[in-house]
Amino acid sequence: MDKKYDVIIIGAGFAGVTAARELCQAGFSVMILEGRDRIGGRTWLDDRFGSPLEMGGGWLHWYQPHVWSEIMRYGLQISSSPQVKTVYWQADGIIHHQSVEEWHQMMEKGMKAFLDGADRYFPFPYNPLKEMESLMEVDSITAGQKLEQLMLPKELHELIYSIWCLQFSSSLEEVGLTQAHRLAALVNYDWKLVLRTSSAFKLKEGTKMLIEHILHDAKRAHLRFSTTVSSVKKVKEGYIVSASDGSEVLGRAVVAAIPLNVLNKIAWMPPLSLKKQEASTQKQNGKGFKFWAKVRGIKDPFIYIAPANHQVNYIQVEEIQDEVALIVGFGCDSVNFYPEMATNIGEEMQTFLPQLEILELAGHDWVSDPFSNGTWAVLKKNQLTKYLAELQRNEDGVFLAGSDYASGWAGFIDGAIESGITAGRKVSDYLLGNVNK
Ligand SMILES: Cc1cc2nc3c(=O)[nH]c(=O)nc-3n(C[C@H](O)[C@H](O)[C@H](O)COP(=O)(O)OP(=O)(O)OC[C@H]3O[C@@H](n4cnc5c(N)ncnc54)[C@H](O)[C@@H]3O)c2cc1C
């Protein structure tokens, strides 16, 4: 057995590394165990076809207070995705193109109707369960059901459906309507800002630089890569955390900074509460994909939205040089996408740009990835009201941290940092005996 630490943190994504910094700075000894051979988790700046590309999370915004505070703290530079003049969208078999302003105007009524009530259900977005009674009613409705109820014209229905699928990395059949309302509440109930905050600004030097800064400030933390935690067992002195390579470490407290969808892969002794287990078994619903492509034949930046049942349902131009463009795209179901990636993207793009030539492709299948088993956190109907409070509750010395459990920007980098900070504080109080054990 290795020496004893105050805290063992499982996972070196933004939540785990932030919690490590907070705890180190509070004077505790910390060991981080990470299953992959890198930090960053569902953010991953990787070199693909000669460019550093964000394979996971990348866009952020000053409306996201936790990540923005870190950007200011470390003096990092921001860059923006190109300003788009034209939006192409396909619905009911027809390809339309409009200016961004026309497109916004066309969707205004439908989007507002979809988000109607968000201010009542989420008057305080960082206290998402405050209106529990009315929330329970609305949380039993899926985003898809709500959209159906609005009886919008077919084309508009298809378009709005597709935009929310993009936002939720999944179809809307299982996603709780509360997920859309919660997001809207974070940006003063303005649907256009929901889109803007999640696709316009990024770190000039990538997310890697930010997480490296945070880790650097976790000065005394130890970090082990390629160490997949398989069990956590409570003993008299604290918790024995065992990895699949047979190694063991002992900690007075444990922070599981891992995604909800893989929480149950660890054998917890004693078991986690039934509700936590149930939430992890049910899984959150983010199961789409993101890809990058280098293509020839594009002159101006645009965005393109296809119906949600297409393999690819969103494309955005990120860079253009001499008619060679870097595009980023998303789809809401990763099943069947990866093996046929080139064909799927080619078929979708050639429907409106027949001259387009795909030069190179890159992507990562986060749903099959054993350390995430999903993309970003999007709760199914009833999960918010049933599980969030429980997921945020520690069980003696075991704490969860992660974007999936955040109060505010859950599913975003911001939420991971928020959760890392709050978990750090709670663990610190626990270790100092400031709370009932
Ligand atoms: C394709 C994609 C696009 C996204 N786009 C955006 C975006 O534009 N903007 C935005 O803000 N957010 C975006 N997100 C979401 C954002 O990246 C995540 O919400 C955030 O990074 C999650 O951080 P985390 O620390 O909570 O979890 P993770 O980053 O998942 O970190 C958890 C860590 O735990 C490790 N781990 C898991 N199990 C074990 C185990 N048993 N033992 C040891 N280690 C383990 C994992 O390897 C991982 O490193 C995107 C995500 C994806 C996948």
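An unreviewed UniProt entry lists the protein under the name Amine oxidase domain-containing protein, with Mesobacillus campisalis as the source organism. The UniProt entry for the protein carries the following text under Sequence similarities (unreviewed entry): "Belongs to the flavin monoamine oxidase family." Per UniProt, the comment on the protein under Cofactor (unreviewed entry) is "FAD".

### Notes on the site of the ligand
Around the ligand sit 38 residues in total, of which Glu34, Arg42, Trp59, Ser403 and Ile413 are the nearest. Between an oxygen atom of the ligand and a main-chain N or O atom of Gly58, the distance comes to 3.3 Å. Interatomic distance of 2.8 Å between a backbone N/O atom of Ser403 and an oxygen atom of the ligand. Expressed as a share of its isolated accessible area of 1000 Å², the protein-covered part of the ligand is 97%.

### Quick notes on the UniProt feature "binding site: FAD" (unreviewed entry) in the protein
As annotated in UniProt, the feature "binding site: FAD" (unreviewed entry) corresponds to Val229 in the numbering used here. Here Val229 shows up in strand 10 (residues 229-235). Ignoring sequence-local partners within four residues, the contact set of Val229 consists of Ile10, Leu33, Val241, Ser242, Ala243 and Ile266.

### Comments concerning the domain arrangement of the protein
Assigned domains of the protein: these are domain 1 (4-43 + 205-283 + 373-431) and domain 2 (82-199 + 289-365). Centre-to-centre, using C-alpha coordinates, domain 1 lies 30 Å away from domain 2. At the interface, 20 residues of domain 1 touch 28 residues of domain 2. When the buried surface of domain 1 facing domain 2 is broken down by residue, Leu384, Thr385 and Trp409 rank first, second and third, together holding 30% of it. The interface formed by domain 1 and domain 2 contains one salt bridge. Across the salt bridge formed by Glu174 and Lys380, the nearest N and O atoms sit 3.9 Å from each other. Along the contact surface separating domain 1 from domain 2 lie 10 residue pairs in polar contact (both at pLDDT 80 or more). Among the secondary structure elements, those contributing two or more residues to the side of domain 1 that touches domain 2 are helix 13 (383-391) and helix 14 (413-431). Counting residues per element, the side of domain 1 that touches domain 2 draws most heavily on helix 13, at five residues. Within the side of domain 1 that touches domain 2, the residues separate by chemical class into 10 nonpolar, six polar and four charged.

### Considerations on unusual backbone geometry
Backbone torsion omega between Met269 and Pro270 reads 0 degrees, so that peptide bond is classified as cis. For Pro270, the location among the structural elements is in the loop between strand 13 (267-269) and helix 11 (274-282). Here the phi dihedral of Asn188 falls at roughly 55 degrees; this positive angle occurs in a residue that is not glycine. Structurally, Asn188 can be placed in the loop between helix 8 (177-186) and helix 9 (191-197).

### Brief notes about the side chain of Asp414
Take Asp414: it is sitting in helix 14. For the buried Asp414, which has no salt bridge, the nearest side chain bearing the opposite charge is Arg182, at an N-O separation of 10 Å. When neighbours within four sequence positions are excluded, Asp414 is seen to be in contact with Gln64, Pro65, His66, Val67, Tyr126 and Trp409.

Calculation notes
Residues numbered from 1 in each chain as written. Predicted model: local features only at pLDDT ≥ 70, side-chain atom pairs only at ≥ 80, totals over all residues. Heavy atoms only, no water. UniProt positions renumbered as here; feature names shortened; annotations may be inferred. Near = heavy atom within 4 Å. Polar contact = N/O pair within 3.5 Å; in protein donor to acceptor, adjacent residues only side chain to side chain. Areas by Shrake-Rupley, 256 points an atom, 1.4 Å probe, with all protein chains shown as cover. Helix = DSSP H or I, 4+ residues; strand = E, 2+ residues; numbered from the N terminus. Contact = heavy atoms within 4.5 Å. Domains from an automatic or database assignment. Buried area = accessible area lost by both parts, 1.4 Å probe. Salt bridge = Lys/Arg side-chain N within 4 Å of Asp/Glu carboxyl O. Nonpolar A, V, L, I, M, F, W, Y, C, P; charged D, E, K, R; others polar. Buried < 20%, exposed > 50% of the residue type's maximum accessible area, 1.4 Å probe, protein only. Lys, Arg positive; Asp, Glu negative; His and termini not counted.

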